[in-house]
Amino acid sequence: MLKATLKSLLSRKLRLTLSGLAVVLGVMFVSGAFVLTDTLQRSFDSLFASVYSGIDVQVTKKPDLAQADFDGPDTQAATIPAAEVGKVKAVSGAATVTPQASTDGARVIGSNGKVVTTFGPPRLGENWTGETDLLKLREGRAPSADNEIVVNKALADAAGIKVGDDVGVLTLQPKKTFKLVGVFGYSGDRDSLGGALEVMFTTPVAQELMLGQQDVYSSIDVRAGPGVTAEQLRDSVAAALGAGYEVKTGKQLQDATSKDFQAGLGFFNNILLGFAGVALFVGTFLILNTFSIIVAQRTRELALMRALGGSRGQTLGSVLTEAVIIGLLGSVFGLLAGIGVGVVLAWLFGSLTGVGVSSIGVPATAIISSFVVGMVVTVVAAVMPALRASRIAPIAALQEVATPDRPLTKLTVSGALVGAAGGTLLGLGLSGAGSGNTTLWLILGGVLVTFIGVALLTPLLSRPIVGLLGRLFSWSIPGKLGRLNSGRNPRRTAITAAALMVGVALVIGVSVIISSAKSSLSQQAEKDVTVDLIISGDGDQNGPATFDPAVMAAAAKLPGVASAASEYWEYGQVGSERHSVSAVPDAAAWAAMFKLQAQQGVLRFTGDNQAIVDPDTAKEHGLALGQSIDMRFTRGDVHHVTVVGIYGKSNVAGGIIVSPDMIPDFRVQQPAWGYLKVAAGTPVNGVQQQVNTLLKDNPEVSVANRAEYVAAQSAQFDQILTMIKMLLYLAVFIAILGILNTLALSVLERTRELGLLRAIGMRRGQTMRMVTVEAVVISVFGGLLGVAVGVGLGAAVVRALKDDGITELALPWSTMGFYLLVAAVAGVIAAVLPSIRAARVNVLQAIAHD
């Protein structure tokens, strides 16, 4: 039985290849995810070891703000008074003490007038502390005057600047210009450490621009003297400074940083595993369909084996053996392809970020997961066809091969129940019944189960819909035959179409949500915003971009400007929680810009330490009118803030708004947003051009009218859609393989039929058109299913998000039409090889084919 199975499998190499490709793709992304994360982890472990190689002990100040459940930008580092440096120097065993004034946020303006950006690595502003074994000057000299800087080679190349140039730098303060006097690099001929862009000032300037005050440091690095271990030095320094400081060894710093980075790598892992999940889910339909057709075609062969003494178990084992072999080969090639994907992605990551990538490694998790995933998916997909094969009676060997339609009642009922279960899970997730990750898993599980339910219901829909679609091509005999062929086996057609349905449904569902969000944002802006011009920028991981306060003062005085309001941003501590906070110098003007109405109290500040909030924020923090709450920001002491107003709920403005007396305690004392209302009859474009002139020294921000600003905010949604489109293309590719496989096997199954058609006069071109029509009808059917399911899922999500600002349901008609066209093209592509094979059938041999 085993020999017969192997011979049968090897005699159908095309079937083996097409079935295995889906497994290869899924396993490729699984193994690629683990190879990539392992390589990047080892690369950064090496980097962190290098960064902390010259540090035995490092001292930092314990943060003044609570760190519990912190998920905002890390901009709240506490500073160390300069007086503490002397205490550290006095510690026995401290050979070298180097105070550092360093933090992220030094943005250099390049020779093209634009701010130099990165793909993740920090833009550090630091104090120059001299050359070390790790850091060496390559050009020029060290900075000695307060208007001089040095930069690392990576930044010099990225900015297109050289020694002697005047360079603009943005920090906590507006743009300042410095003379570039030197360029440095690192040991091992490295231009940077991990792609970081570094600019170094004299110590007083670094303290003022990066830390916001003089005579403070961000950390103190200490080297141990002879005979003193890092642990001994750590304990001695900790004892000298007291409980207000964190003192760690270089090894502790390396381990902690590596652990934090490992958690961040989960992002890459999840993306690749998401691709793997889609590939394997869609591939399951392909494998299921392939084995179903194989069993149908081998009915007489399997029945003959039964008649010769083969048992049901042996028949079941025969089909599952084929599945195991396909799964095994798919896992092997998928693992090899995954290693290649890991290599390419690691190289791209290194090229984009400047991080030196370690040699590629293949962890055990990649190997184990590849074989487990590949084998399990293939065998599970083959179980139902294998059970069907085991039930073939020996008497079938004496009959003509036939695959009569079976009743769809059980399948339809099962589909309805499964679909209802999926809808229930999705509803629970969207209603917020779970918490944290539970909600996410409810939604994902609901979508997955819904897809399965729809796939089970598809055979019921296939015959009428396929018949209707086929009539579009029934103007010729090949078209009529293609229509009839696509509808002759509802189950086969349904499973083939379901593979394409998944990808199209994903992208249409997300498109519906994004189109609705864009439409809602646009309508809300027109309805609830009176602002004509908005000054803003994209910002980075440290918060939104900011600009010189003098710009707003000058803009407010421009001819034609009726009113102006600015908004400052900070991430502070509100009560016992971290929370974003905005400060506005003129609360009344700001509220008028967004048509906010007071529900309680007033929307203006009459003194210091006051706040206005929206109803949801008040409820979240248990605040009422006249009640006080403690707030603390990057600098200064605790503020006892009184709520003087609660404004009505709005979809365009919200949160905690505090009085301007607290701005000096913000990390960045510059506005993040500026709002201008133009007087009636004044051309907005004219005022916009004048504001652009005022912003010439603020390259991180720009001014936009209301429509342009809404369009820019909406464009951020397109990045999400791009990622989903990549999933679609993967699903479409696998669906093409599925249609190709189905048609190829169907052509083989209908060899005699094709020979008879050719014998009575059908030409080769007509035969090819017949097969192409069959493929296009099946693929468009899958596309229609995907559009319908995607619209349904998207509409459900939009309805659930009504209270979160997505109030309008907008259908992306052009996108829906485009992907229906994609489905049709996919059918044409999939039909190429099967149609050529059908056209080349030898008429006489085909008629004699059994």
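Before reading on, note that the structure itself is shown above.
Residues numbered from 1 in each chain as written. Predicted model: local features only at pLDDT ≥ 70, side-chain atom pairs only at ≥ 80, totals over all residues. Heavy atoms only, no water.

**Q** Quick rundown of the overall build of the chain? Include the residues and the values.
**A** Assigned secondary structure in the chain consists of 24 helices and 24 strands. Projected onto the principal axes, the alpha-carbon positions of the chain cover approximately 100 × 75 × 50 Å. Burial status across the chain gives 51% buried among its 850 residues. As displayed, the chain has an accessible area near 37,300 Å², and 60% of this comes from carbon and sulfur atoms. On the chain, the mean spot of the 67 positive side-chain charges and the mean spot of the 62 negative ones are 19 Å from each other. (Helix = DSSP H or I, 4+ residues; strand = E, 2+ residues; numbered from the N terminus. Buried < 20%, exposed > 50% of the residue type's maximum accessible area, 1.4 Å probe, protein only. Areas by Shrake-Rupley, 256 points an atom, 1.4 Å probe, with all protein chains shown as cover. Lys, Arg positive; Asp, Glu negative; His and termini not counted. Charge placed at Lys NZ, Arg CZ, Asp CG, Glu CD.)

**Q** Go over empty space enclosed by the protein with me, naming the residues and quoting the values.
**A** The tally for this structure, following the rule as stated, stands at five cavities of 30 Å³ or more. Taken as a whole, the largest cavity spans an internal volume of roughly 250 Å³. Lining the largest cavity are 21 residues, with Asn542, Pro544, Thr546, Arg667 and Val668 sitting closest to its centre. In this model, the second largest cavity occupies a volume close to 70 Å³. Lining the second largest cavity, in full, are Asn485, Ser486, Arg488, Asn489, Arg492, Thr493, Thr742, Ser746, Arg750, Glu774 and Ile778. (1 Å grid on protein atoms, 1.4 Å probe; cavity = no way out; pocket = protein on both sides within 12 Å on 5 of 7 lines; lining within 4 Å. Points joined across faces, edges and corners; volume = space filled by probe spheres on them.)

**Q** I'd like a rundown of the environment of Thr634, residues and numbers included.
**A** Locating Thr634 in the fold gives a position in the loop between β20 (628-632) and β21 (639-647). By relative accessible area, which is 18% here, Thr634 ends up buried.

**Q** Explain unusual backbone geometry to me, using residue names and the numbers behind them.
**A** Its identity is not glycine, yet Asp189 carries a phi of approximately 60°, on the positive side. Among the structural elements, Asp189 can be located in the loop between β10 (176-186) and β11 (197-201). The class of Asp189 is exposed, set by a relative accessible area of 66%.

**Q** Hey, could you go over the sheet that holds strand β13 (residues 219-224) for me, with residue numbers and the actual values?
**A** One open sheet holds the four strands; their spatial order is β3-β13-β1-β14, and the pairing between them is antiparallel. Pairing within the sheet leaves two strands with one partner each, and these edge strands are β3 (94-100) and β14 (245-249). Within the sheet, the average angular offset between the axes of one strand and its neighbour, ignoring direction, is 20°. The sheet contact formed by β3 and β13 spans six bridges and is antiparallel. Bridge pairing in β13 links Pro99 to Ile220. (Pairing = 2+ DSSP bridges. Axes fitted to C-alpha atoms, helices over the stretch in contact; angles between N-to-C directions.)

**Q** An account of the environment of Ala564 is needed here, citing residue identities and associated values.
**A** Within the element layout of this structure, Ala564 appears in strand β16 (residues 561-574). Every residue in contact with Ala564, bar those within four places of it in the chain, is listed here: Met552, Ala556, Ala589, Met593, Tyr675 and Leu676. (Contact = heavy atoms within 4.5 Å.)

**Q** Give me the side chain of Asp165: which residues, what numbers.
**A** Locating Asp165 in the fold gives a position in the loop between α4 (153-159) and β9 (166-170). A distance of 2.9 Å separates a polar atom in the side chain of Asp165 from the backbone nitrogen of Lys162. Those residues within four positions of Asp165 in sequence are excluded, and the remaining contacts are Phe178, Lys179 and Leu180. (Polar contact = N/O pair within 3.5 Å; in protein donor to acceptor, adjacent residues only side chain to side chain.)

**Q** Give me the lowdown on the nonpolar core, citing residues and values where you can.
**A** Of all hydrophobic cores here, the largest spans 75 residues; its most connected members are Phe285, Phe451, Met501 and Ile508. Among the secondary structure elements, those contributing two or more residues to this core are α2 (13-51), α8 (266-297), α13 (437-470), α15 (490-528), α20 (706-749), α21 (751-759), α22 (764-800) and α23 (813-839). Core analysis: the second largest hydrophobic core is formed by 42 residues, Val116, Ala154, Val216 and Tyr217 among them. (Core = buried A, V, L, I, M, F, W, Y, C linked by side-chain atoms within 4.5 Å.)

**Q** Describe in detail the pattern of salt bridges, supporting the description with residues and values.
**A** For the structure shown, the criterion picks out 15 salt bridges. A salt bridge links Arg138 to Asp189; the shortest N-O distance between them is 3.8 Å. Of this pair, Arg138 sits in strand β7 (residues 135-140) while Asp189 sits in the loop between β10 and β11, placing them 51 residues apart in sequence. What makes Arg138 partly exposed here is its relative accessible area of 34%. (Salt bridge = Lys/Arg side-chain N within 4 Å of Asp/Glu carboxyl O.)

**Q** Tell me about the pairing of strand β6 (residues 123-127), and name the residues and values.
**A** In terms of burial, β6 is largely enclosed, as five of its five residues are buried. Burial of the side chains of β6 extends over both faces: Arg123, Gly125 and Asn127 are buried on one face and Leu124 and Glu126 on the other. As paired strands, strand β4 (residues 103-104) and β6 are joined by two bridges and run antiparallel to one another. Bridging from a neighbouring strand, Asp104 pairs with Leu124 of β6.

**Q** I'd love a proper account of the packing of aromatic side chains, names of residues and values included.
**A** Taken as a whole, this structure holds nine aromatic pairs when the rule is applied. Residues Trp569 and Tyr571 carry aromatic rings whose centres are separated by 6.1 Å and whose planes lie at 45° to one another, so their mutual orientation is tilted. Each member of the pair, Trp569 as well as Tyr571, carries the same accessibility label: buried. Three or more aromatic residues joined by ring pairs make a cluster, and in this case those are Trp590, Phe594, Tyr647 and Tyr675. Stacked on the ring of Tyr245, the Lys or Arg Lys61 has its end atom at 5.7 Å from the ring centre. (Phe/Tyr/Trp six-rings, centres within 6.5 Å; stacked < 30°, edge-to-face > 60°. Lys NZ or Arg CZ within 6 Å of the ring centre and 35° of its normal.)

**Q** Could you give an account of the packing of α22 against α23, with specific residues and numbers?
**A** Where α22 meets α23, the axes come as close as 7 Å, and the angle between the chain directions of the two elements is 150°. Taken as axis vectors, α22 and α23 run roughly antiparallel relative to one another. When the axes of α22 and α23 are compared, the crossing they make is right-handed. Looking at the contact of α22 with α23 residue by residue, the class counts come to 18 nonpolar, six polar and one charged. (Parallel < 35°, antiparallel > 145°, perpendicular 65-115°, else oblique. Left-handed = near helix turned anticlockwise from the far one by under 90°. Nonpolar A, V, L, I, M, F, W, Y, C, P; charged D, E, K, R; others polar.)

**Q** Which residues make up helix α19 (residues 684-694), and what values go with them?
**A** Turning to α19, its buried residues number three or more, namely Val687, Gln688 and Val691. Considered in projection along α19, the buried side chains sweep an arc of 105° and stay on one side of the axis. (Arc of directions from axis to C-beta.)

**Q** A description of the side chain of Asn705 should follow, citing residues and the corresponding values.
**A** In this structure, Asn705 sits in strand β24 (residues 701-705). Taking the relative accessible area as the measure of exposure, Asn705 reaches 16% and is therefore buried. Among the polar contacts made by the side chain of Asn705, one reaches the main-chain amide nitrogen of Ala707 at a distance of 3.2 Å. Beyond its immediate chain neighbours, meaning those up to four positions away, Asn705 contacts Asp532, Leu533, Ile534, Val684, Asn685 and Gln688.

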